[in-house]
Amino acid sequence: MNINNLIKKSLDFTIKRVAEIVGISFILISILLLISFISYSSEDPNFIFTENTEIKNFLGFRGSYISDLFFQSVGLVSFLISFTIFFTGINLVKNKNFLVIIENIFFTILYSILGSIFFATFFVDSFSLSVNGNGGFVGIFFQNTFLLNLINLNKEIAFFILLILILFIFLISINFSIKFF
């Protein structure tokens, strides 16, 4: 019996099982994130207003804080982030390639910034996200840069360009392929 061959097979088996465990963990985390986002209430205790003791979020105190953190930072794009984490977990279980995590983090950051700018510029008014609005503080921050001047050159074209870019980068982040379907 060849020891090197046995060690190689054992290491390969271990790496595949770790990839599956991490992928399943990503899937569970994304489901919990989506539940906390759906059950978000601006009246729940959060980092800014902590005096309310009745929590309406399905995941309780932690769900309230996590959803508030995501919504106040990047706004409504948070829903897409939970889907990206879900599909990252599925791809990790299926392909057992850890590089997909780094790729998806990169694309998630890109579409989060663009989505925050999009919502902060075109859908400012929000009823449930009263502190930083639909774009979060990231969108507000990037509105104070040269990007707002580019958007203001032609708002109608910028609306569709940003929307297409966000959708395209989101599809890349979930490793969407027509061949898979």
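Since we're looking at a predicted model, the values are computed, not measured. (Residues numbered from 1 in each chain as written. Predicted model: local features only at pLDDT ≥ 70, side-chain atom pairs only at ≥ 80, totals over all residues. Heavy atoms only, no water.)

## Some details on unusual backbone geometry
For step 1, the next point in the chain: Even without a glycine there, the phi angle at K96 is positive, about 55 degrees.
For step 2, the next point in the chain: Position of K96 relative to the elements: it lies in the loop between α3 (78-95) and α4 (99-122).
For step 3, the next point in the chain: According to the relative accessible area criterion, K96 is partly exposed, its value standing at 24%.
For step 4, the next point in the chain: With a phi angle near 60 degrees, N175 is a residue other than glycine that sits in the positive phi range.
For step 5, the next point in the chain: Using a relative accessible area of 29% as the deciding quantity, one classes N175 as partly exposed. (Helix = DSSP H or I, 4+ residues; strand = E, 2+ residues; numbered from the N terminus. Buried < 20%, exposed > 50% of the residue type's maximum accessible area, 1.4 Å probe, protein only.)

## So, the confidence of the model for the chain
For step 1, the next point in the chain: When pLDDT is averaged along the chain, the result is 87; 90% of the residues meet or exceed 70.
For step 2, the next point in the chain: The weakest mean pLDDT in the chain belongs to helix α6 (residues 146-153) at 83; the strongest belongs to α3 at 95. (pLDDT = per-residue confidence, 0-100.)

## So, the environment of I169
For step 1, the next point in the chain: Looking at the element boundaries, I169 is found in helix α7 (residues 155-173).
For step 2, the next point in the chain: I169 sits in the buried class, given a relative accessible area of 9%.
For step 3, the next point in the chain: Discounting chain neighbours no more than four positions away, the residues touching I169 are F107, L110, Y111 and L114. (Contact = heavy atoms within 4.5 Å.)

## With respect to a nonpolar patch on the surface
For step 1, the next point in the chain: Side chains of I31, L32, I35, F58 and L59 sit close together on the surface and give an oily, nonpolar patch of about 460 Å² of accessible area.
For step 2, the next point in the chain: Among the secondary structure elements, I31 is positioned in helix α1 (residues 3-38). (Patch = residues over 30% accessible without salt bridge, like charges linked within 9 Å, V, L, I, M, F, W, Y side chains within 5 Å. Areas by Shrake-Rupley, 256 points an atom, 1.4 Å probe, with all protein chains shown as cover. Salt bridge = Lys/Arg side-chain N within 4 Å of Asp/Glu carboxyl O.)

## Thoughts on the pattern of salt bridges
For step 1, the next point in the chain: Taken as a whole and assessed by the stated rule, the structure comprises three salt bridges.
For step 2, the next point in the chain: The salt bridge partner of D12 is K16, with a shortest N-O separation of 3.6 Å. You can see D12 and its partner K16 sitting in helix α1, four residues apart, about one turn around the helix.
For step 3, the next point in the chain: On the basis of relative accessible area, D12 is assigned to the partly exposed category, the value being 40%.
For step 4, the next point in the chain: K96 is the salt-bridge partner of E20, the closest N and O atoms lying 3.2 Å from each other. In this pair, E20 sits in helix α1 while K96 sits in the loop between α3 and α4, placing the two residues 76 residues apart along the sequence.

## Some remarks on the nonpolar core
For step 1, the next point in the chain: In this structure, Y111, L114, F118, F122, I151 and L162 are the most contacted members of the largest nonpolar core, which totals 17 residues.
For step 2, the next point in the chain: By residue number, the principal contributor to this core is α4, which donates six residues.
For step 3, the next point in the chain: Those residues in contact with I151 that sit more than four places away from it in its chain are I117, T121, F122, A158 and L162. (Core = buried A, V, L, I, M, F, W, Y, C linked by side-chain atoms within 4.5 Å.)

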